[in-house]
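# Structural characterization, general
Chain by chain, the residues run as shown.
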Amino acid sequence: MGPSPQRKREWIRFLSFFLLPVLVLTASNLLLLRSDALTYYSIREAVQSEQLDLALVGSSIVFADFNPQIITEKTGLETYSLTIGHMSLQGALATTRLLLQDKQPKYIALVLESDNFSKTTEDIQTQMRLSPHLITHPLIAMRYYLDLCSQDHRYIDRLLLFKSSMVRNPDDIRRNLSLWFSPDEFLSESGLLEGVTQYQGRGFMRYMKDGRGYDALRFTPLKHDVADDTPGLEDFSKRKLLEYQALCERYGSQLLVVISPNSTAQVLGRTGFLDKNIALGAFCRENGIPFFDMSLARDSFIPLLDSHYYDMYHLDGTGADIFSEKFGELIRMYIAGEPVDHLFYSSADEFLDSIDFITNTWIEQRSEDGQDVFKADCLRGRTVLPEYAFYLVGEDDSLELLQDYSNRDEYRCTAGSLSRETLRVYARPMGSQETLPEIFNDLSIQ
């Protein structure tokens with residue numbers, strides 16, 4: 001004899017008590033949260049591809065720096081990127097679990113940055129961009145949510161995602177619906193196929209202008225960083241890497257861990273930057289995970305890409321093509337069983353000793369004994385001796401020499417005499433004959 005009608009109604013009310021809030025929350029996070037089109041197409045193309053041999057999983061570094069089409073041509077492996085801005089290990093795990101429901105690629109390259117190991121939390125923006133894809137996979141979504149909250153305890157914020165990036169008007173809601181239900185039409189109308197950054201398929205977002213890496217550094221005063229208080233890898237990071245390895249093995253995919261390329265200024269300016277990568281490499285080798293640190297690639301293999309950065313972290317289209325061609329060569333050599341160690345510097349010291357140039361310079365101001373003192377400094381290779389020249393910049397961008405090139409790193413003047421003026425410092429290696437090198441910095445004096 002089955003349950004009575006009264007008991008059935010009680011069960012329905014009991015389940016509804018839990019189910020209705022879940023449905024309302026899910027609908028709110030789908031309709032009221034502004035969707036990210038790049039994330040959508042990146043994941044959609046990979047999941048719906050006819051063949052997927054190599055999946056690149058990572059943050060915005062992946063969608064800017066890795067051109068999957070070139071990597072496919074170089075390796076013969078059909079390559080797609082699954083990429084979300086600010087992605088860390090938690091998001092990488094959830095994205096890969098989602099992928100593996102439909103595809104089992106031969107290789108999964110987890111692309112990481114040193115920043116992934118300086119903190120164990122993940123930016124809530126990543127969750128906002130990924131969560132709509134996990135609606136039909138509640139177990140993956142719940143595991144991802146608990147992973148995130150275990151580190152930052154933002155249980156409410158990460159549950160009510162729409163509150164952090166809510167739609168602004170009904171057009172945003174229509175945009176969400178169009179993206180999910182008419183993705184092909186949306187792509188042609190979204191602006192992703194035109195402009196300075198253009199989506200070119202397979203998760204690759206190409207920056208169309210030539211990068212000016214030195215210009216980016218002029219407006220971002222990257223200086224000597226403080227020492228890292230937490231050298232090595234956090235236990236949480238180690239657990240997640242092993243969890244990722246086990247996930248790949250369960251589905252028959254070979255995990256590759258890749259450190260993305262970095263501008264030389266990032267390496268020189270941030271104490272402990274390379275140490276995190278080296279600690280990761282040691283951990284990967286201990287656990288049988290192939291590891292490739294592209295930030296330690298020899299110049300004879302990958303030419304210096306500093307001038308191809310369009311901001312502090314991302315390469316322009318030309319730089320991405322150059323890097324992707326070389327990365328494709330590396331992967332081809334690896335899968336063919338050829339040695340690749342010779343393509344990389346053997347240690348951080350060997351790499352640092354190879355840097356024979358200045359990456360960027362800056363000016364700091366102080367007052368002393370009735371004088372304004374302007375002190376220049378720069379990021380440079382260990383053996384580089386810098387010299388500086390100070391100029392006054394006119395309103396018409398004309399230059400007036402105040403102090404010619406020398407090893408003097410300070411310019412002094414009567415206090416207030418340069419008020420409301422713009423002071424420029426040029427830096428060059430000692431012995432260089434370049435009068436106005438690309439490395440300079442301006443200081444607007446109050």
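Reference entry: report on the structure contained in this document.

What counts and what doesn't
Residues numbered from 1 in each chain as written. Predicted model: local features only at pLDDT ≥ 70, side-chain atom pairs only at ≥ 80, totals over all residues. Heavy atoms only, no water. Helix = DSSP H or I, 4+ residues; strand = E, 2+ residues; numbered from the N terminus. Buried < 20%, exposed > 50% of the residue type's maximum accessible area, 1.4 Å probe, protein only. Contact = heavy atoms within 4.5 Å. Areas by Shrake-Rupley, 256 points an atom, 1.4 Å probe, with all protein chains shown as cover. Lys, Arg positive; Asp, Glu negative; His and termini not counted. Charge placed at Lys NZ, Arg CZ, Asp CG, Glu CD. Pairing = 2+ DSSP bridges. Axes fitted to C-alpha atoms, helices over the stretch in contact; angles between N-to-C directions. Phe/Tyr/Trp six-rings, centres within 6.5 Å; stacked < 30°, edge-to-face > 60°. Lys NZ or Arg CZ within 6 Å of the ring centre and 35° of its normal. Patch = residues over 30% accessible without salt bridge, like charges linked within 9 Å, V, L, I, M, F, W, Y side chains within 5 Å. Salt bridge = Lys/Arg side-chain N within 4 Å of Asp/Glu carboxyl O. Expected span 1.5 Å × (residues − 1). Parallel < 35°, antiparallel > 145°, perpendicular 65-115°, else oblique. Nonpolar A, V, L, I, M, F, W, Y, C, P; charged D, E, K, R; others polar. Core = buried A, V, L, I, M, F, W, Y, C linked by side-chain atoms within 4.5 Å.

## As for the overall build of the protein chain
Across its full length, the protein chain carries 16 helices and 14 strands. With respect to the three principal axes, the spread of C-alpha positions in the protein chain is 100 × 55 × 45 Å. Buried positions account for 52% of the 446 residues belonging to the protein chain. Across the protein chain, every contact between residues at least 6 apart in sequence was considered, and the portion connecting residues at least 24 apart equals 74%. For the protein chain, the accessible surface area stands at approximately 21,500 Å², while carbon and sulfur atoms represent 51% of it. The positive charge centre, built from 44 side chains, and the negative charge centre, built from 64, are 9 Å apart in the protein chain.

## Observations regarding the sheet that holds strand E10 (residues 386–393)
Read across the sheet, four strands follow the order E11-E10-E13-E14 without closing on themselves; strand pairing throughout is antiparallel. Whereas interior strands pair on both sides, the edge strands pair on one side only; in this sheet they are strand E11 (399–406) and strand E14 (440–444). Adjacent strand axes in the sheet meet at a mean angle of 20°, parallel and antiparallel pairs treated alike. In terms of strand pairing, strand E13 (residues 422–429) meets E14 through five bridges, oriented antiparallel. Across the sheet, the residue bridging to Thr422 is Ser444, located in E14.

## As for the sheet that holds strand E8 (residues 358–368)
The strand order across the open sheet built from three strands is E8-E9-E12, with neighbouring strands paired in antiparallel fashion. The open sheet is flanked by E8 and strand E12 (410–414), the only strands paired with a single partner. The sheet shows a mean angle of 20° between the axes of neighbouring strands, taken without regard to direction. Two strands pair when backbone bridges link them, and E8 and strand E9 (residues 371–380) are joined in this way by 10 bridges, in the antiparallel orientation. By the bridge assignment, Gln365 is partnered in E9 with Phe374.

## Here we look at the packing of aromatic side chains
Tallied over the full model, the rule gives 13 aromatic pairs. Both rings, one in Tyr40 and one in Trp180, keep their centres 5.1 Å apart while their planes meet at 70°; by these two values the pair is edge-to-face. One end of the pair, Tyr40, is in helix H2 (residues 37–48); the other, Trp180, is in helix H9 (residues 170–181), with 140 residues separating them in the sequence. The buried category is assigned to Tyr40, whose relative accessible area is 8%. Residue classification places Trp180 among the partly exposed residues on the basis of a relative accessible area of 24%. The lysine or arginine in question, Arg428, covers the ring of Tyr405, its NZ or CZ lying 3.7 Å from the ring centre.

## Here's the deal with the environment of Leu222
Among the secondary structure elements, Leu222 is positioned in the loop between helix H11 (213–219) and helix H12 (235–250). Taking the C-alpha atoms as reference points, Leu222 and Leu268, separated by 46 residues in sequence, lie 9.3 Å from one another. Beyond its immediate sequence surroundings of up to four residues, Leu222 is in contact with Leu217, Ala265, Gln266, Met312, Asn360, Trp362 and Leu379.

## Topic: a nonpolar patch on the surface
Residues Leu31, Leu177 and Phe181 make up a contiguous nonpolar surface patch of roughly 290 Å² in combined accessible area. Note on placement: Phe181 falls in helix H9.

## Quick notes on helix H7 (residues 138–152)
In an α-helix, one full turn covers 3.6 residues, which means residues spaced three or four apart are oriented alike. Between its terminal C-alpha atoms H7 stretches 21 Å, which fits the 21 Å expected from 15 residues at 1.5 Å a residue. Burial in H7 covers these residues: Ile140, Tyr144, Tyr145, Asp147, Leu148, Cys149 and Asp152. Those residues of H7 hidden inside the fold are in contact with helix H5 (89–100), helix H6 (124–130), helix H8 (155–159) and H12. Positive backbone phi, at 60°, marks His153, one or two positions downstream of H7.

## Some points on the packing of H2 against H9
Following both chains from N to C, one finds H2 and H9 inclined at 10°, their axes separated by 11 Å at the closest point. Taken together, the axis directions place H2 and H9 in an arrangement best described as roughly parallel. Of the residues in H9, those in contact with Ala37, Tyr40 and Tyr41 of H2 are Arg175, Leu179 and Trp180. Taken together, the residues of the contact of H2 with H9 sort by class into five nonpolar, no polar and one charged.

## Let's talk about the nonpolar core
Soluble globular proteins tend to pack their nonpolar side chains together in the buried interior. Membership of the largest hydrophobic core comes to 39 residues, with the highest contact counts inside it found for Leu110, Leu112, Leu241, Tyr244, Val257 and Leu280. Here Val257 is in contact with Leu110, Leu112, Leu280, Cys284, Ile289, Pro290, Phe291 and Phe292, once residues within four sequence places are set aside.

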